[in-house]
Amino acid sequence: MKRQIYLDYAYEVADLIWQDYDARRHRAIEEGKAALRDRGKLQNTFQFVGTVAPAEAMRHKQTGAVCYLDRAKRYLLDVYGVYRTLKTYQETQNITLRNADFPTLGWMFEPEPYISTYNEIKAAADFTAEETAQIETVVDLAMRPIEMMPEYGPMNRSILRALNLAAAGSSFPAHEKSQQWLKMGRHIFADSLDKWSMEDSGAYQSIWLYSFIAYNEYVPTVRTEDSSVVKHYADLWARLVTPLGFIPDYGDWNLSEDWIHIAAVMEKCATLYHSATLKYAVNRFTEAHVGLSSGLAGGVDRFMRQLISAYDWSNDDLVEQKPPPRSQEACDDTIGKKCVFRNGWDRQSSYLLLNYRDEPQTNEIYRKNLTMTIPVKAEKTHHGHNDENALCMLIAQERILLTEGGYRKGAERDCTYRSDYYHNKLIARKGVTKTYSFFDHVFDFGEYNPVRTERVYFYNFDEVDCSRTRLYDTRNAAVCDRIVYYLKQDDCFIVNDIVLPREDGSYTVGPVYHAQDIEQIGSNSYALSQTEISMGQELAHTQLDDVKLYLHFPLDEYDFELQTIDRAYRNQMAVTQFFAGYANSQFPLFFSSVLYPNRQGKPPFFDTISYQKRPMGVGLQLAIGTRNYTLFDRYCYESKIEDLNKRPAYSFDAGREQVFELETDAYSALTIQEEDSTYFCCIDFSTLIYKGRPLFEMGAMEQLQLDFKEPLKRTTSWSNWDDRVPG
């Protein structure tokens, strides 16, 4: 991919605006007059042309054609012209103004592109003194709402204000407020310096980082290469790129929209750090989005400046290199809190994203100011969803089989698409309904439920990749572990959910999965189909219904429920296997889901799956072809403890549990029996016995004791191990 792709796309969008420009201008004026008559509101609905102007300025720079210079100049002056027309109309009609907060430009995406275009063309455009004054008036009026509502903290809304103030103050040094704008910008920018984002949305994290970089082009403060934060998020997005090129739209985001900021930041970091793998990721990402683009859908005309930055920051001489084809954390267990399971980067590869990002415990003053200032009661502050421990996207065989639920649907309900029940996750609620219905109980108004999450483990083994992530839900008095196994050779995912109730009482609990269509295909089994994938309110990605996601719930002791749900701007379906009844801490709840992408109907191995519940955990057994799997998951670590006054406090005898023919003290364990060998992998264990034969045993040695008492001969644990043994 060559970087010209960004400019070609920008020019294509600019031409769409220009082809009916006069009609758009006339319509904007009429809409503005109607807003004045009906609501006393003076707002320039033609402000967007200021964001298109950078494309025409760049095209003039690249081609030398004066017509593009004239377009850019006209765009800038017409923003003032429409404002002046509306202002004159208000005065002549004697309309009382009730709202004049945004008479020329908005306070977020419009000012900096407008100002940058003026800087780019002013030497060639030969502005008169009167025209320059008009430009300054537009900018001055655009800064006023920022002065009245600055907002602060490491997030997109604040850094956009800092960028706009920096652009205005440095570009118009003779303006009476120039120094005030620059100072205010510095104060707001300081809240993002050396901070992690308080948002969990790729769209808004990238706006924040792009604006962080662009701010320094006006007011040099810190070099991008000296900010580890920028590189961290670029690496995060690179690891999230799917086989189809998209990045899952976690949080407030639509799959086809607001991608340009991400591309620009990734290009910047690929160039700065000479990263061939970052270059590979951003190339696939950009190609996917440009290939899907359709006219002006998604408000792309707002981001011409960012397309030009992506071009400027890109390096065609940097040779791309495909990253390693393995599952991994993206990028850590503190800031990113995402796990990617994959077997490659080609379009046919399989991919699953687990997001367990909770609301960070830092930035208290910023979070409280935000939640007490703007209406965000349904959001994970800020722009995040109640999606902790959710499966955001599953792709296999070039088909998208699990998706996110959309940004939000208009303004009728803030929680729409943000609440937990719009996500592929386990949902726990205190209480039950009279009819013991799952969806009737969980479909609440959807205010954000603050939870805390942590990674218990993530490992890559030869045959399986696995993770265990924990969610602490204080409001619903439950601790919920989600364990994901990716059986790599058989391209199968097993998702086990363990729920530890923290109170005695009634609970409604179960994992939920969504799809465009869900069909029951036998006892405990369902086929999930997706022929139309929402890319936003205006765009959809269509695909053949030749690959389905087959879902099987191995446990036969719980109820099932299917429900139609308004999700992703269309009607979809949701399915759950759930418990509704009395529970307490002595009796953990366990759910299992087997996810298998397939072209050939219900997988025969679904009928081979069995389970065993034991006091310390649950075992699953299944046969896929000639490979016989046994899995074990322990309910909680504490069941391994023998004596708190000894070190180690745990022991094999205390934690010993047997399911089927597997016996171990492991936190989690898996065996694969084949014709001539047995493979095993274990986590946090000392011993594994299979079919009465020890496959792994730790020896005992003298261990120091509390208060330096007499040493005791005891056995320690290994964090993880896998091996294959004959027979």
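Scope of this entry: the structure provided in the associated data block.

What counts and what doesn't
- Residues numbered from 1 in each chain as written.
- Predicted model: local features only at pLDDT ≥ 70, side-chain atom pairs only at ≥ 80, totals over all residues.
- Heavy atoms only, no water.
- Helix = DSSP H or I, 4+ residues; strand = E, 2+ residues; numbered from the N terminus.
- Rg over C-alpha atoms; globule rule 2.2 N^0.38 Å.
- Buried < 20%, exposed > 50% of the residue type's maximum accessible area, 1.4 Å probe, protein only.
- Contact = heavy atoms within 4.5 Å.
- Areas by Shrake-Rupley, 256 points an atom, 1.4 Å probe, with all protein chains shown as cover.
- Lys, Arg positive; Asp, Glu negative; His and termini not counted.
- Charge placed at Lys NZ, Arg CZ, Asp CG, Glu CD.
- Pairing = 2+ DSSP bridges.
- Axes fitted to C-alpha atoms, helices over the stretch in contact; angles between N-to-C directions.
- Parallel < 35°, antiparallel > 145°, perpendicular 65-115°, else oblique.
- Nonpolar A, V, L, I, M, F, W, Y, C, P; charged D, E, K, R; others polar.
- Polar contact = N/O pair within 3.5 Å; in protein donor to acceptor, adjacent residues only side chain to side chain.

**Remarks on the overall build of the protein chain**
So, step 1. If you tally the helices and strands in the protein chain, you get 16 helices and 31 strands.
So, step 2. The globule rule puts the C-alpha radius of gyration for 727 residues at 27 Å, and the 29 Å found for the protein chain is close to it.
So, step 3. Overall, the protein chain is about 90 × 55 × 50 Å in size when its C-alpha atoms are taken along their principal axes.
So, step 4. Within the span of the protein chain, comprising 727 residues, buried residues form 63% of the whole.
So, step 5. Of the contacts formed within the protein chain by residues at least 6 apart in sequence, a portion of 69% connects residues at least 24 apart.
So, step 6. For the protein chain, the computed accessible surface area is about 27300 Å², with 47% contributed by carbon and sulfur atoms.
So, step 7. Averaged over its 80 positive side-chain charges, the protein chain has a centre that lies 3 Å from the centre of its 103 negative ones.

**Things to note about the sheet that holds strand β8 (residues 464-473)**
So, step 1. Read from one edge to the other, the open sheet built from eight strands follows the order β7-β8-β9-β10-β19-β16-β13-β12, with strand pairing classed as antiparallel. Only two strands of the sheet have a single neighbouring strand rather than two, namely β7 (452-460) and β12 (517-520). The average undirected angle you get between the axes of adjacent strands in this sheet is 20°.
So, step 2. Of the strand pairs in this sheet, strand β16 (residues 548-552) and strand β19 (residues 589-598) are connected by five bridges, and their pairing is antiparallel. Paired with H552 across the strands is V594, a residue of β19.

**Focus on the packing of helix α3 (residues 49-63) against helix α13 (residues 304-313)**
So, step 1. Running from N to C, α3 and α13 point in directions that differ by 40°, and their axes come no closer than 6 Å. What the angle tells us is that α3 and α13 run oblique. In this structure, α3 contributes T51, V52, P54, A55, M58 and Q62 to the contact, and α13 contributes M304, R305, I308, Y311 and D312.
So, step 2. Its residues assigned to classes, the contact of α3 with α13 comprises seven nonpolar, two polar and two charged.

**What about the environment of S719?**
So, step 1. By the element assignment, S719 lies in strand β31 (residues 718-726).
So, step 2. You can call S719 partly exposed: its relative accessible area is 42%.
So, step 3. Between the C-alpha atom of S719 and that of D684, which follows or precedes it by 35 residues, the distance is 4.4 Å.
So, step 4. Not counting chain neighbours up to four residues away, the residues in contact with S719 comprise Y459, C682, I683 and D684.
So, step 5. At a separation of 2.9 Å, a polar atom in the side chain of S719 contacts the side chain of N720.

**Overview of the environment of E398**
So, step 1. Secondary-structure assignment places E398 in the loop between β4 (390-396) and β5 (399-402).
So, step 2. For E398 and Q673, which are 275 residues apart along the polypeptide, the C-alpha to C-alpha distance reads 31 Å.
So, step 3. Residues in contact with E398, not counting those within four places in the same chain, are L244, R347, Q348 and Q543.
So, step 4. At 3.2 Å, the side chain of E398 forms a polar contact with the side chain of R347.

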